[in-house]
Amino acid sequence: MIIANKPFYPLYVWWLVGNGIVASLGTLIAVPFFLAIPFLASRSPLAARLALPLIGTIDTLFETKLFGTGSGTALFLAPCIMLAALSFHGGEKWWQRGVTAFIFLAFIISRIYIGLPLHAWTDTDLSTLLNLNAFAVASLMAFIALRYAGVR
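Residues numbered from 1 in each chain as written. Predicted model: local features only at pLDDT ≥ 70, side-chain atom pairs only at ≥ 80, totals over all residues. Heavy atoms only, no water.

> Is there a simple way to think about the overall build of the chain in this case?
For the chain, the helix and strand inventory stands at 8 helices and 0 strands. Each helix (α) and strand (β) of the chain, taken in turn from the N terminus, gives the series α-α-α-α-α-α-α-α. Relative to a compact globule of 152 residues, whose C-alpha radius of gyration would be 15 Å, the chain shows 16 Å and is just as compact. If you line up the chain on its principal axes, its C-alpha atoms span 50 × 30 × 25 Å. Here the chain holds 152 residues, and the buried ones make up 39% of them. Nonlocal contacts in the chain, meaning residues at least 24 apart in sequence, comprise 71% of its contacts between residues at least 6 apart. For the chain, the accessible area works out to roughly 8,800 Å², and carbon and sulfur atoms hold 73% of it. (Helix = DSSP H or I, 4+ residues; strand = E, 2+ residues; numbered from the N terminus. Rg over C-alpha atoms; globule rule 2.2 N^0.38 Å. Buried < 20%, exposed > 50% of the residue type's maximum accessible area, 1.4 Å probe, protein only. Contact = heavy atoms within 4.5 Å. Areas by Shrake-Rupley, 256 points an atom, 1.4 Å probe, with all protein chains shown as cover.)

Listed below in structure tokens is the structure:
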């Protein structure tokens, strides 16, 4: 889902905001890391379960620095937490707790230490980005919930 949609994000920014296309191309940096997860899963399912929320968290921190806290990119930490809650087996609770703590620490960093965005956005731009990101996060969380429905 992430791999299929991530390349379109700069186009969404261009279409909805009208500027910042060059800055939004930075969101594509994480694509190779997300692409590696299925290959990792064939060798080590646990490593893949660790990688998805960790890569998502680091990507979210980078995008929050790129777009700023007002853009709502930090909301993507919610699906990362949801993945940490649902992706691990019963015997992997310490991995699960560690990933959850890492994501929560990333949230704190995003609120306190992220600083000014790498691109200057207007208040109108940020409002548009917030709406775009809130919709994307809700869609991603719905997909995760549907994927894990009925899983114990």
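The discussion continues.
> Quick question: what am I supposed to make of the environment of Ser 71 here?
If you trace the backbone, Ser 71 turns up in the loop between α5 (45-67) and α6 (77-86). A C-alpha to C-alpha distance of 9.7 Å links Ser 71 and Pro 117, two positions 46 residues apart in sequence. Once you skip the residues sitting within four places of it in the chain, Ser 71 turns out to touch Leu 126, Leu 129, Leu 130 and Asn 133. In terms of polar contacts, Ser 71 uses its side chain to reach the backbone carbonyl oxygen of Gly 68, at 2.7 Å. (Polar contact = N/O pair within 3.5 Å; in protein donor to acceptor, adjacent residues only side chain to side chain.)

> What should I look at first to understand the pattern of salt bridges in this one?
Any two side chains of opposite charge can pair, so long as their charged atoms come close to each other. Inspection of every chain in the model, using the stated rule, returns 3 salt bridges. Between Asp 59 and Lys 6 there is a salt bridge whose closest N-O contact spans 2.8 Å. Note that Asp 59 is positioned in helix α5 and Lys 6 in the loop between α1 (2-5) and α2 (9-17), a separation of 53 residues in sequence. On the accessibility criterion, Asp 59 (10% relative accessible area) is buried. Take Lys 6: its relative accessible area is 10%, and that puts it in the buried class. Here Lys 6 ties to Glu 63 by a salt bridge, and the two come within 2.7 Å at their closest N and O atoms. (Salt bridge = Lys/Arg side-chain N within 4 Å of Asp/Glu carboxyl O.)

> Sorry if this is basic, but what is going on with α6 here?
In an α-helix there are 3.6 residues to a turn, and that puts residues three or four apart on one side. Buried residues of α6: Leu 77, Pro 79, Cys 80, Met 82, Leu 83 and Ala 84, and no others. Buried-residue contacts for α6 involve α5, α7 (93-112) and α8 (123-147).

> What am I meant to see in the packing of α2 against α8 here?
Packed helices, taken two at a time, are described by the angle between their axes plus the distance between the axes. Contact geometry for α2 and α8: axes closest at 10 Å, N-to-C directions at 135 degrees. On the basis of their axis angle, the class for α2 and α8 is oblique. Read as a crossing pair, α2 and α8 show a hand that is right-handed. Touching Tyr 9, Tyr 12, Val 13, Leu 16 and Val 17 of α2 are Asp 125, Thr 128, Leu 129, Leu 132 and Asn 133, all from α8. Classifying every residue of the contact of α2 with α8 gives 7 nonpolar, 2 polar and 1 charged. (Axes fitted to C-alpha atoms, helices over the stretch in contact; angles between N-to-C directions. Parallel < 35°, antiparallel > 145°, perpendicular 65-115°, else oblique. Left-handed = near helix turned anticlockwise from the far one by under 90°. Nonpolar A, V, L, I, M, F, W, Y, C, P; charged D, E, K, R; others polar.)

> What is the right way to read the packing of α6 against α7 from this model?
Running from N to C, α6 and α7 cross one another at 170 degrees; their axes reach a closest spacing of 9 Å. In terms of axis orientation, α6 runs roughly antiparallel to α7. For the pair formed by α6 and α7, the contact residues are Leu 77, Cys 80, Ile 81, Ala 84, Ala 85 and Leu 86 on the first element and Gln 96, Val 99, Thr 100, Ile 103, Ala 106, Phe 107 and Ser 110 on the second. Split into classes, the residues belonging to the contact of α6 with α7 amount to 10 nonpolar, 3 polar and no charged.

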